[in-house]
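# Structure at a glance
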Amino acid sequence: MSIHWLGLALAAWGHLPPDGVAQLQKVDGVMPHLRRLAEDPEVVRALRAQNAHRTPLATIQQLDSEWMAPPGLTPHKQRVLDGPCTGALRRLRERLGPAMAEAFAMDDQGALVCASRRTSDYWQGDEAKWRLTYAQGRGGPALREAPFFDESTQAYVIQVSLPVRDGAQVIGALTVGLSLLDL
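My aim in this report is to walk through the structure given alongside it, one point at a time. Since this is a predicted model, take the numbers as computed values, not measurements.

Reading the values: the criteria
Residues numbered from 1 in each chain as written. Predicted model: local features only at pLDDT ≥ 70, side-chain atom pairs only at ≥ 80, totals over all residues. Heavy atoms only, no water. Buried < 20%, exposed > 50% of the residue type's maximum accessible area, 1.4 Å probe, protein only. Helix = DSSP H or I, 4+ residues; strand = E, 2+ residues; numbered from the N terminus. Salt bridge = Lys/Arg side-chain N within 4 Å of Asp/Glu carboxyl O. Disulfide = S-S within 2.5 Å. Phe/Tyr/Trp six-rings, centres within 6.5 Å; stacked < 30°, edge-to-face > 60°. Core = buried A, V, L, I, M, F, W, Y, C linked by side-chain atoms within 4.5 Å. Contact = heavy atoms within 4.5 Å. Expected span 1.5 Å × (residues − 1). Arc of directions from axis to C-beta.

With that settled, the discussion passes to helix α6 (residues 86-96). Among all positions of α6, only Thr86, Gly87, Ala88, Leu89, Leu92 and Leu96 are buried. Phi turns positive, to about 65°, at Gly97, one or two residues after α6.

Pairs can form between side chains of opposite charge whenever their charged atoms are close. The tally for this structure, following the rule as stated, stands at 7 salt bridges. Residue Arg54 pairs with Asp108 through a salt bridge whose shortest N-O separation is 2.9 Å. Residue Arg54 is located in the loop between α3 (41-52) and α4 (57-68), and its partner Asp108 is located in the loop between β1 (100-106) and β2 (112-115); the two are separated by 54 residues in the primary sequence. Each of Asp40, Glu42 and Arg91 takes part in a single network of salt bridges with overlapping partners.

On to the state of the cysteines. Taken as a whole, this structure holds 1 disulfide when the rule is applied. Between the sulfur atoms of Cys85 and its disulfide partner Cys114 the distance amounts to 1.9 Å. Across the S-S bond linking Cys85 and Cys114, the dihedral sits near -85°, which makes this disulfide left-handed. Separated by 29 residues along the polypeptide, Cys85 in the loop between α5 (75-81) and α6 and Cys114 in strand β2 bring together distant segments of the chain. The residues Cys85 and Cys114 share a single accessibility class, namely buried.

Okay, the packing of aromatic side chains next. Each aromatic ring pair is characterised by the separation of its centres together with the angle its planes make. One pass over the structure, following the stated rule, counts 3 aromatic pairs. Judged by centre distance (5.7 Å) and plane angle (35°), the rings of Trp67 and Tyr122 are tilted. Of this pair, Trp67 sits in helix α4 while Tyr122 sits in the loop between β2 and α7 (128-134); the two residues are 55 residues apart in sequence, bridging distant segments of the chain. Taking the centre distance of 4.9 Å and the plane angle of 15° together, the rings of Trp130 and Tyr134 count as stacked. Linking Trp130 with Tyr134, this pair stays in helix α7, spanning 4 residues, or about one helical turn. Across this residue pair, the class does not change: Trp130 and Tyr134 are buried.

What follows is about the nonpolar core. With 31 residues, the main nonpolar core has Leu34, Leu174, Val176 and Leu178 as its most contacted residues. Judged by nonpolar contacts, the second largest core, of 15 residues, contains Val80, Ala115, Trp130 and Ala173.

Mapped onto the elements of the fold, Asn51 is located in helix α3. In sequence terms Asn51 and Gly172 are 121 residues apart; their C-alpha atoms lie 8.7 Å from each other. For Asn51, the contacting residues outside a window of four places in its chain are Asp107, Asp108 and Ile171.

Bringing the environment of Pro147 into the picture now. Within the secondary structure layout, Pro147 lies in the loop between β3 (143-144) and β4 (148-150). Taking the relative accessible area as the measure of exposure, Pro147 reaches 10% and is therefore buried. Remark: the alpha-carbon pair of Pro147 and Leu178, spanning 31 residues in sequence, is separated by 9.3 Å.

Next up on the list: α4. The end-to-end C-alpha separation of α4 is 17 Å, in line with the 16 Å expected for 12 residues at 1.5 Å each. For α4, the full list of buried residues reads Ile60, Asp64 and Trp67. Viewed along the axis of α4, the buried residues span an arc of 60°, placing them on a single side of the element. At its buried positions, α4 is contacted by α5 and β2.

Below, the structure written as structure tokens:
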């Protein structure tokens, strides 16, 4: 289903504000910026470095539990928010302004490498945004999830995910949440 028809269907069902359909059409205009971010050398280096550590999945899942438990900013959360590719995320925010609700990069196991803001969880490996774009190292097409109202940002957003490649090798994924009303 095209973005246009998806938008019309969601608007008809009352899940989007009246101008949401037009905003969905603007997502295509942002895609070149998102593709450049997925190819940014800073992002590629950060994912390559984290992948080289080969952190066991059990450790990642423990970090995920700790990430979700306390509401405060822990040293681990701060490391991700100050991660080695946050400069690239900041540059995208400068280009897109408030239209970028959030952005985060994930390694080859779905663990966060860097994030523009605190996400609800650390391990994304069990979510479609990572599974379908990383695609077991084959890389899938860009994934545009259905728009939704995000409680944490208090905005209607659409998340767009793309594989991150190091040359021909897929090394992780990137997700950007776009605020539909700010596009």
